[in-house]
Amino acid sequence: NRKGGFGREGSAELGRVLGWLVGDSTSTAERAILSFSGAEGAELATAFAGVVESVVGASADQRQRYAIGAGAVAVCDEPRVRSSRLLRLAAEHGLSVGDQHKVPESVFRGTEAMQRGFLQALFTADGTVADSIAKGASVCLTSISRALLCDVQRLLLNFGIASTLYTERRHGGLRLLPDGRGGQ
């Protein structure tokens, strides 16, 4: 029913970048790739390119800038932000290829702004708002990782927000999924 405690490290921008890395990213050996979709995908990609640049854009000696932009993948009409420095930042925060579905410890130790930024980006990437007359309005986060959802519950509790974790809401089975080219 009230806020908990927050750390002294991090910024809202760093939280947002880490949140999107957890929510909707992939990695190659050379770079991390943030993916955006939907009607607002291009606008989000451009905004996140600026946020990523503010977080990883300056070199250690601050004399050389590292420009980051948003680009689109023509085959699937998906704007993306790619960066080798973003891959290094992800690794510094414990997010590696195949092990990115978790809340980094640095976020738990982070400032209120950092934790809020992380949740904003994660819910923007993987969340939905359901509003029905029968059940009322709710905000949902979907993930294949139960551990991630439990960690998100801990962050939400730090803001005084109680949440419920629903498991096995869908039965296993075959489903058609988008192929990224307009088909299934």
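Each remark here, short or long, concerns the structure printed above.
Below, the structure is looked at part by part. This is a predicted model, so every value here is computed, not measured.

1. Quick word on the packing of aromatic side chains
Turning to step 1, where the next piece is worked out: One pass over the full model with this rule turns up four aromatic pairs.
Turning to step 2, where the next piece is worked out: Centre to centre, the rings of Trp 20 and Phe 36 are 4.7 Å apart; their planes meet at 25 degrees, and the pair counts as stacked. In this pair, Trp 20 sits in helix H1 (residues 12–23) while Phe 36 sits in the loop between strand S2 (32–35) and helix H2 (41–56), placing the two residues 16 residues apart along the sequence.
Turning to step 3, where the next piece is worked out: Residue Trp 20 is classed as buried on the basis of its relative accessible area, which comes to 3%.
Turning to step 4, where the next piece is worked out: When its relative accessible area of 1% is taken as the criterion, Phe 36 is described as buried.
Turning to step 5, where the next piece is worked out: With a centroid separation of 5.5 Å and an interplanar angle of 45 degrees, the aromatic rings of Phe 36 and Phe 48 are classed as tilted. Separated by 12 residues along the polypeptide, Phe 36 in the loop between S2 and H2 and Phe 48 in helix H2 bring together distant segments of the chain.

2. Quick look at the pattern of salt bridges
Turning to step 1, where the next piece is worked out: This model, assessed by the stated rule, comprises three salt bridges.
Turning to step 2, where the next piece is worked out: A salt bridge links Asp 151 to Arg 154; its shortest N-O distance comes to 3.4 Å. Of this pair, Asp 151 and Arg 154 are both found in helix H6 (residues 146–158), three residues apart, which corresponds to roughly one turn of the helix.
Turning to step 3, where the next piece is worked out: Look at Asp 151 and you get buried, because its relative accessible area is 16%.
Turning to step 4, where the next piece is worked out: Several salt bridges share partner residues, and in doing so they unite Lys 3, Glu 112 and Arg 116 into one network.

3. Describing the packing of H2 against helix H3 (residues 84–92)
Turning to step 1, where the next piece is worked out: Where H2 contacts H3, the two axes come as close as 10 Å, and the packing angle between them is 65 degrees. As judged from the angle between their axes, H2 and H3 are roughly perpendicular. Seen along the crossing, H2 lies across H3 with a hand that is left-handed. Here H2 contributes Val 52, Val 55 and Val 56 to the contact with H3, which in turn contributes Arg 85, Leu 86 and Leu 89.
Turning to step 2, where the next piece is worked out: When grouped by side-chain class, the residues that make up the contact of H2 with H3 number five nonpolar, no polar and one charged.

4. What to know about H6
Turning to step 1, where the next piece is worked out: Taking 1.5 Å of rise per residue, 13 residues should cover 18 Å, and H6 covers 19 Å from first to last C-alpha, within 8% of that figure.
Turning to step 2, where the next piece is worked out: Of the positions making up H6, those classed as buried are Leu 148, Leu 149, Asp 151, Val 152, Leu 155, Leu 156 and Asn 158. The arc enclosing the buried residues of H6, seen along the axis, measures out at 165 degrees, which places them on a common side.
Turning to step 3, where the next piece is worked out: Buried positions along H6 lie against H1, helix H4 (105–108), helix H5 (112–126) and strand S6 (136–141).
Turning to step 4, where the next piece is worked out: Phi turns positive one or two residues past the end of H6, at Gly 160, with a value near 80 degrees.

5. Comments concerning H3
An α-helical segment advances 3.6 residues per turn. Residues three or four places apart therefore align on the same side.
Turning to step 1, where the next piece is worked out: Taken together, the buried positions of H3 are occupied by Arg 85, Leu 86, Leu 87, Leu 89 and Ala 90.
Turning to step 2, where the next piece is worked out: Considering only its buried residues, H3 is in contact with H1, strand S1 (25–27), S2, H2 and strand S4 (78–83).
Turning to step 3, where the next piece is worked out: The opening residue of H3, the one whose side-chain oxygen lies 3.2 Å from the backbone nitrogen of Arg 85, is Ser 83.
Turning to step 4, where the next piece is worked out: Looking one or two residues past H3, Gly 94 carries a phi angle of roughly 80 degrees, positive in sign.

6. Here's the deal with the environment of Val 103
Turning to step 1, where the next piece is worked out: Its location among the elements puts Val 103 in the loop between H3 and H4.
Turning to step 2, where the next piece is worked out: With 48 residues separating them along the chain, Val 103 and Asp 151 place their C-alpha atoms 6.1 Å apart.
Turning to step 3, where the next piece is worked out: Apart from the residues lying within four places of it in its own chain, the contact partners of Val 103 are Phe 108, Phe 118, Leu 148, Asp 151, Val 152 and Leu 155.

7. Here we look at the side chain of Asn 158
Turning to step 1, where the next piece is worked out: With respect to the secondary-structure elements, Asn 158 resides in helix H6.
Turning to step 2, where the next piece is worked out: With residues up to four places along the chain from it excluded, the contact list for Asn 158 reads Arg 2, Lys 3, Gly 4, Gly 5, Phe 6 and Gln 115.

How each quantity is defined
Every chain is numbered on its own, with residues counted from 1 as its sequence reads. With pLDDT at 70 or above as the cut-off, local features in this predicted model cover only qualifying residues; side-chain atom pairs require 80 or more to be listed or tallied, and sums for whole chains, interfaces and linings still use all residues. Derived side-chain values reflect all non-hydrogen atoms in the structure, with water molecules and hydrogen atoms excluded from consideration. For Phe, Tyr and Trp, rings pair up if their centres lie within 6.5 Å, where Trp contributes its six-membered ring, and each pair is then called stacked (planes under 30 degrees apart), edge-to-face (over 60) or tilted (otherwise). Helix and strand assignments follow DSSP, with helices taken as H or I runs no shorter than four residues and strands as E runs no shorter than two, numbered in order from the N terminus. Residue exposure (1.4 Å probe, protein chains only): buried if accessible area is under 20% of the type maximum, exposed if over 50%, otherwise partly exposed. Counted as salt bridges are all cases of a side-chain nitrogen of Lys or Arg within 4 Å of a carboxyl oxygen of Asp or Glu. In this analysis, axes come from line fits to C-alpha atoms, helices being fitted only over the stretch in contact, and the angle between any two N-to-C directions falls in the range 0 to 180 degrees. Should an angle lie under 35 degrees it is considered roughly parallel, over 145 roughly antiparallel, and from 65 to 115 roughly perpendicular; all remaining angles are considered oblique. By convention, the crossing between two helices is left-handed when the near helix turns anticlockwise from the far helix through less than a right angle, and right-handed when the turn is clockwise. Contacts are residue-level and defined by heavy atoms, with any inter-residue pair within 4.5 Å sufficient. In this classification, Asp, Glu, Lys and Arg are treated as charged, Ala, Val, Leu, Ile, Met, Phe, Trp, Tyr, Cys and Pro as nonpolar, and every other residue, Gly included, as polar. What a helix should span is 1.5 Å times the count of its residues minus one. This arc corresponds to the set of directions leading from the helix axis out to the C-beta atoms. Contacts described as polar in this section are N or O atom pairs within 3.5 Å, which, within protein, must combine one atom able to donate a hydrogen with one able to accept it, while residues neighboring in sequence count only if both atoms come from side chains.

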